[in-house]
Amino acid sequence: MQKKFKQALKDITDICKFEHWLRFYFLQETDQQLQLVIPEKALEHINQNYERLSGLAREMNQHFLTPEISQKMMIEYIGKTLDGPVYDHDLVNSILNSKTFEAEITAFHIWSDVHADQLEHEVKDFQEWMQLFEAWKRTEKGQNLLQSLQTPSSNTTETTQ
C-alpha cells in the first residue's frame, strides 16, 4: 500500500508541477488577460517527451487563465487521467488532502520562486526542472524546509495554483 501511495503521490504532484512549469514559461498577457500560449515547436516536444502530461498542455493551450481556472483544469485532468483509470478514488482523494502532498507542492512553489531569476533566462525542459528541484531537496535548506512543512505544528497556508 505504501508503494502505491508513493507512486500515486508522484504522479499527482508531477501533474501539478507540470502545470506550474507551463504557466511559468508560456503564460502571456493578452488584452489585459493571461493566456497560455505554447509555441508549436514546444508543444511537439511536450507531446513526444511527456505523453502522460501532454494532454494537460493541449487542454490548457490558448486558454485565458485565472488561478481558479488553472486549478480547475489541473484537478479535472488528475480526475480524468488518474482518478479511476489508474488509482482508486479514495487514494487520489487522500493524497490531494495529505500533508505530504501539501508539503511537496509548497516546497516546489517556494523553490521555483527563489530560483525564478535563474529559470527565466531560457526555457528549461520540464525534466531539467525536476532534476534541479530534486537536487535542491537534498540540500540542507531543502531538507529543513520539507521537514518544517511536514511537521504538524508548522504554520503553512493552503496551496493555490
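For the structure given in this document, a descriptive report is provided here. All values reported here derive from a predicted model rather than from experimental measurement.

Let's talk about the packing of helix α6 (residues 99–114) against helix α8 (residues 126–137)
- Running from N to C, α6 and α8 cross one another at 105 degrees; their axes reach a closest spacing of 11 Å. What the angle tells us is that α6 and α8 run roughly perpendicular. Touching E104, A107, F108, W111 and S112 of α6 are W129, M130, L132, F133, E134, W136 and K137, all from α8.
- Here the contact of α6 with α8 is built from residues that sort into 8 nonpolar, 1 polar and 3 charged.

Some details on the pairing of strand β2 (residues 33–36)
- Bridge analysis of strand β1 (residues 27–30) against β2 gives 4 bridges, and the strand direction is antiparallel. Looking at the pairing, E29 lines up with L34 of β2.
- Connecting β1 to the antiparallel partner β2 that follows it, the hairpin turn spans 2 residues, and D31 within it adopts a positive phi of roughly 50 degrees.

Examining the layout of surface pockets
- Volume-wise, the largest pocket comes out at about 320 Å³.
- K10, T13, K17, E104 and E134 are the residues nearest the centre of the largest pocket, which is lined by 18 residues in total.
- Looking at the lining of the largest pocket, the elements that each hand over two or more residues are α1 (2–26), α3 (51–60), α6, α8 and α9 (140–150).
- Counting residues per element, the lining of the largest pocket draws most heavily on α1, at 6 residues.
- Along the lines of polarity and charge, the residues of the lining of the largest pocket split into 6 nonpolar, 4 polar and 8 charged.

Points about the side chain of E104
- Within the fold, E104 resides in helix α6.
- Ignoring sequence-local partners within four residues, the contact set of E104 consists of T13, K17, F133, E134, K137 and L146.

Digging into unusual backbone geometry
- The residue D31 is not glycine, and still its phi comes out positive at about 50 degrees.
- Along the chain, D31 falls in the loop between β1 and β2.
- Of note, the phi angle at Q32 is positive, near 60 degrees, even though the residue is not glycine.
- Within the secondary structure, Q32 is located in the loop between β1 and β2.

Re helix α2 (residues 40–49)
- For α2, every residue scored as buried is listed here: A42, L43 and I46. End-on, the buried residues of α2 take up no more than an arc of 100 degrees, which puts them together on one face. Opposite the buried face of α2, by more than 90 degrees, sit the exposed residues E40, K41 and Q48.
- Those residues of α2 that are buried lie in contact with α1 and α3.

Scoring rules and cut-offs
- Residues numbered from 1 in each chain as written.
- Predicted model: local features only at pLDDT ≥ 70, side-chain atom pairs only at ≥ 80, totals over all residues.
- Heavy atoms only, no water.
- Axes fitted to C-alpha atoms, helices over the stretch in contact; angles between N-to-C directions.
- Helix = DSSP H or I, 4+ residues; strand = E, 2+ residues; numbered from the N terminus.
- Parallel < 35°, antiparallel > 145°, perpendicular 65-115°, else oblique.
- Contact = heavy atoms within 4.5 Å.
- Nonpolar A, V, L, I, M, F, W, Y, C, P; charged D, E, K, R; others polar.
- Pairing = 2+ DSSP bridges.
- 1 Å grid on protein atoms, 1.4 Å probe; cavity = no way out; pocket = protein on both sides within 12 Å on 5 of 7 lines; lining within 4 Å.
- Points joined across faces, edges and corners; volume = space filled by probe spheres on them.
- Buried < 20%, exposed > 50% of the residue type's maximum accessible area, 1.4 Å probe, protein only.
- Arc of directions from axis to C-beta.

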